[in-house]
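The chain contents come next:
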Amino acid sequence: LGETRTQAEQSDADLVRMCLAGDNSAYDELVRRHQRLLYNFCYRMLGSGEDASDVVQEAFVKAYRALPCFRLDAPFGPWVHRIAHNLCIDRHRARCRTGCLSIEEVSETGSEPADESASPPEIAEMDELGDTLRQAIAQLPPKYRAVVIMRHFEGLDIKEISATLRIPEGTVKASLHRARRMLREKLAHLEATL
Amino acid sequence: VNCGKAGRMLQRYLDGDLSARTARVVEEHLAECPKCKAELSAYESLLRRLNSNPLVVLPFDLVPAVSAKLPEIHPHAEHHLTCRFARFAAALTRWISPRVADWSSFAAASGCTMVTAMVTRTACALSGVTGVYQGLLDRLLSLLDFRSWPRGS
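Quick caveat, the model's predicted, so the values are computed rather than measured.

Asker: Give me the lowdown on the overall build of chain B, citing residues and values where you can.
Answerer: When its secondary structure is counted, chain B shows 7 helices and 0 strands. For chain B, the succession of helices and strands along the chain, N to C, is α-α-α-α-α-α-α. A buried classification covers 21% of the 153 residues belonging to chain B. Look at the contacts in chain B between residues 6 or more apart in sequence, and 40% of them connect residues 24 or more apart. Accessible surface, chain B as shown: approximately 11300 Å² in total, 63% of it carbon and sulfur.

Next up, the structure:
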């Protein structure tokens, strides 16, 4: 237990160093720290819990393999985030190629487990509001969807999104504005059909 | 400022991304234009909805699943050379980028250098200079051939 507490107090860079020195339990701690945000991102990107957990696992394995490439002066979170983002885009392309369920269809059938901290009436209200919002977000093109998720669900600022996705800040802002405009139109359309 | 221009600036206004002077101009327009004011309210409502969405709960702890999938070999051994090459390429790109103002000229210059190298090589081959180089190359290879190295006593 003492060792776990020690690891929990370590910075991401220290854990990466420990992992590169052969201590795999340090990588478990990194997964523990970043799994929730990463799962949320993939869930919003793909619209399916099963796909999201697959992609998150794949992203962590890929990150582990590429760990020697990781620059220790850079934050670990955005790096693994970018790997997950690329995997989501790949999965989305594969879905389009195979003509399976589109993201919109998956999103319509999937149910989102609400936050445990919310009370039942709050959950019901959030579900109702969240459903149309989720559908509208799912209908955005992936590059806009990623920016909206990072900005509004994860609370990243423009600079952080730019660093994570490796695109200029101006492009992030333009994508965000376009995405919000599209969201407004889609929400108005979805709510009119309800 | 007209409605079209103000409409394009609304999101930047809400993000606090406008200069104080421009923000004041937008506010003056909003005070007298109900259509743009309604559009601003719609964006505000959208931002409230987006920002109040809770995080999704993880269905299960992913640590054991990831741990079971980690490759047996140590990551350091697997990707060492690739990473060194990737780092070298990244450093080279970082060094070149600020020095190249115009990428199309850079590409054209690289193309010209390649063409010059190919022409020189062909010219050498036609004029028999290759033989000299071939001789030098053979000497070099023989130096590298460990079988020709003197054996220890």
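Asker: I'd like a rundown of a nonpolar patch on the surface, residues and numbers included.
Answerer: Residues and elements named next belong to chain B. A surface patch of nonpolar side chains, about 360 Å² in accessible area, is lined by Phe88, Leu92 and Trp95. With respect to the helices, strands and loops of the structure, Leu92 is situated in helix H5 (residues 75-96). Classification of Leu92 as partly exposed rests on a relative accessible area of 40%.

Asker: Give a detailed account of the confidence of the model for chain A, specifying residues and quantitative values.
Answerer: Residue and element names in this part refer to chain A. Summing up the model confidence of chain A, the mean pLDDT is 82 and the portion of residues at 70 or higher is 80%. For chain A, the element scoring lowest by mean pLDDT is helix H6 (residues 103-109), at 47; helix H8 (residues 142-153) scores highest, at 93. In the model, residues 106-126 has pLDDT below 50 throughout and makes 33 contacts with residues more than four positions away in sequence or in other chains.

Asker: Could you give me a rundown of the nonpolar core, with the residues and numbers involved?
Answerer: One finds A:Tyr27 and A:Phe76 to be the most contacted residues of the largest nonpolar core, which totals 73 residues. At 11 residues, helix H3 (residues 24-46) of chain A tops the list of elements feeding residues into this core.

Asker: A description of the interface of chain B and chain A should follow, citing residues and the corresponding values.
Answerer: Listed per partner, the contact involves 37 residues of chain B and 48 residues of chain A. At the boundary of chain B with chain A, total buried surface from both sides reaches about 4300 Å², with 62% on carbon and sulfur atoms. When the area that chain B buries against chain A is broken down by residue, the three leading residues are B:Arg49, B:Leu55 and B:Val56, summing to 17%. Linking chain B with chain A are 12 residue pairs in polar contact (both at pLDDT 80 or more). For the side of chain B that touches chain A, the elements supplying multiple residues, two or more each, are helix H1 (3-14), helix H3 (34-51), helix H4 (63-69) and H5 of chain B. Of the residues assigned to the side of chain B that touches chain A, the class counts are 21 nonpolar, 7 polar and 9 charged.

Asker: With reference to specific residues and values, describe the packing of H8(A) against H3(B).
Answerer: Axis separation between H8(A) and H3(B) bottoms out at 9 Å; the angle between their running directions is 80°. Considered as vectors, H8(A) and H3(B) are oriented roughly perpendicular to each other. Residues A:Val148, A:His152 and A:Phe153 of H8(A) lie in contact with H3(B), whose contacting residues are B:Leu47, B:Leu50 and B:Asn51. For the contact of H8(A) with H3(B), the class distribution of residues is 4 nonpolar, 2 polar and no charged.

Procedures and definitions
Residues numbered from 1 in each chain as written. Chains lettered and ligands numbered in written order. Predicted model: local features only at pLDDT ≥ 70, side-chain atom pairs only at ≥ 80, totals over all residues. Heavy atoms only, no water. Helix = DSSP H or I, 4+ residues; strand = E, 2+ residues; numbered from the N terminus. Buried < 20%, exposed > 50% of the residue type's maximum accessible area, 1.4 Å probe, protein only. Contact = heavy atoms within 4.5 Å. Areas by Shrake-Rupley, 256 points an atom, 1.4 Å probe, with all protein chains shown as cover. Patch = residues over 30% accessible without salt bridge, like charges linked within 9 Å, V, L, I, M, F, W, Y side chains within 5 Å. Salt bridge = Lys/Arg side-chain N within 4 Å of Asp/Glu carboxyl O. pLDDT = per-residue confidence, 0-100. Core = buried A, V, L, I, M, F, W, Y, C linked by side-chain atoms within 4.5 Å. Buried area = accessible area lost by both parts, 1.4 Å probe. Polar contact = N/O pair within 3.5 Å; in protein donor to acceptor, adjacent residues only side chain to side chain. Nonpolar A, V, L, I, M, F, W, Y, C, P; charged D, E, K, R; others polar. Axes fitted to C-alpha atoms, helices over the stretch in contact; angles between N-to-C directions. Parallel < 35°, antiparallel > 145°, perpendicular 65-115°, else oblique.

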